[in-house]
Amino acid sequence: GGGDKSGEKEREPFRSLEAIVNIVERSRASIVIEGRRWEGVRNYGEIIGFRNRADGDRWDVFVPGVREQLPVGEQLPLRRIYGVVLVKGGNHKLVVGLDPPYAPESRALVNADVQEFVKAYSREHPSTSSSRVRYLELDSHDGWISETTPLTVVGTPG
């Protein structure tokens, strides 16, 4: 994240991966989508109020399964956490879901978007070999989808 009210962000507390997962599951955390664009990735942003010690910035989030671009800069309530893109070094990315009208379309689209995100992240961070980027699923998306195909993202070939 950058620039706006950076002094305010500096005072936000650091939270571990385990703690941020619990916060998201238990409370009404919010995210803000950034205008940042990587090829093949949209709806990337950060959790308001909590920072990751790995890079000193707010926890990064990615919202898969939504075809349209979410409103940039607007505070959106976080509904659930589906998983974590684990990045060696600790700059992990949380894979999250929002309430309607921004709820994911289907599990298949979530899976495809997560795979595309892992590829894009590895492309944009060549120093982080793709074998050091893994997706860990935390939530089986119960209650909104009937498909049971397991997600098997373990980095990208090459």
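Here we come to the nonpolar core. A general tendency of soluble globular proteins is for nonpolar side chains to be buried together. Counting 21 residues, the largest nonpolar core has Ile-31, Ile-47, Val-63, Leu-78 and Leu-94 as the members making the most contacts within it. Among the elements of the structure, α2 (17–26), β1 (30–33), β2 (44–51), β3 (58–62), β4 (75–87) and β5 (93–98) are those that each provide at least two residues to this core. When residues no more than four places from it in sequence are discounted, the contact partners of Leu-94 are Leu-17, Ile-20, Ile-47, Trp-59, Asp-60, Val-61, Phe-62, Ile-81, Gly-83 and Val-84. Core analysis: the second largest hydrophobic core is formed by 16 residues, Trp-38, Val-41, Tyr-44 and Val-87 among them.

On to the confidence of the model for the protein. A residue-level look at the protein finds 82% of positions with pLDDT of 70 or above and a mean pLDDT of 84. Confidence, expressed as mean pLDDT per element, reaches its minimum in the protein at helix α1 (residues 6–10) with 77 and its maximum at β2 with 97. For the stretch residues 143–154, pLDDT sits under 50, and the model shows 27 contacts to residues farther than four places along the chain or on other chains.

Let's shift gears to the pattern of salt bridges. Taken as a whole and assessed by the stated rule, the structure comprises eight salt bridges. Here Arg-58 and Glu-46 are joined by a salt bridge, their closest N and O atoms 3.1 Å apart. Here the residue Arg-58 occupies a position in strand β3, and Glu-46 occupies one in strand β2, the gap between them amounting to twelve residues. Grouping residues by exposure puts Arg-58 and Glu-46 together as buried. Between Lys-93 and Asp-60 there is a salt bridge; the shortest N-O distance is 2.7 Å. Taken as a pair, Lys-93 in strand β5 and Asp-60 in strand β3 lie far apart in primary sequence, 33 residues in all. Among the residues examined, Asp-60 registers a relative accessible area of 5% and is labelled buried. Linked through salt bridges whose partners overlap, the residues forming this network are Lys-9, Glu-12, Glu-46 and Arg-58.

For the rest of this paragraph, the subject is the packing of aromatic side chains. Using the criterion set out here, one finds three aromatic pairs in the structure. Centre to centre, the rings of Phe-62 and Phe-117 are 4.5 Å apart; their planes meet at 20°, and the pair counts as stacked. Linking Phe-62 in strand β3 with Phe-117 in helix α3 (residues 107–124), this pair joins segments that are 55 residues apart in sequence. Under the relative-accessibility criterion, Phe-62 is labelled buried at 4%. You can call Phe-117 buried: its relative accessible area is 1%. The rings of Tyr-44, Phe-62, Phe-117 and Tyr-121 are connected pair by pair, giving a single aromatic cluster.

Thresholds applied
- Residues numbered from 1 in each chain as written.
- Predicted model: local features only at pLDDT ≥ 70, side-chain atom pairs only at ≥ 80, totals over all residues.
- Heavy atoms only, no water.
- Core = buried A, V, L, I, M, F, W, Y, C linked by side-chain atoms within 4.5 Å.
- Buried < 20%, exposed > 50% of the residue type's maximum accessible area, 1.4 Å probe, protein only.
- Helix = DSSP H or I, 4+ residues; strand = E, 2+ residues; numbered from the N terminus.
- Contact = heavy atoms within 4.5 Å.
- pLDDT = per-residue confidence, 0-100.
- Salt bridge = Lys/Arg side-chain N within 4 Å of Asp/Glu carboxyl O.
- Phe/Tyr/Trp six-rings, centres within 6.5 Å; stacked < 30°, edge-to-face > 60°.

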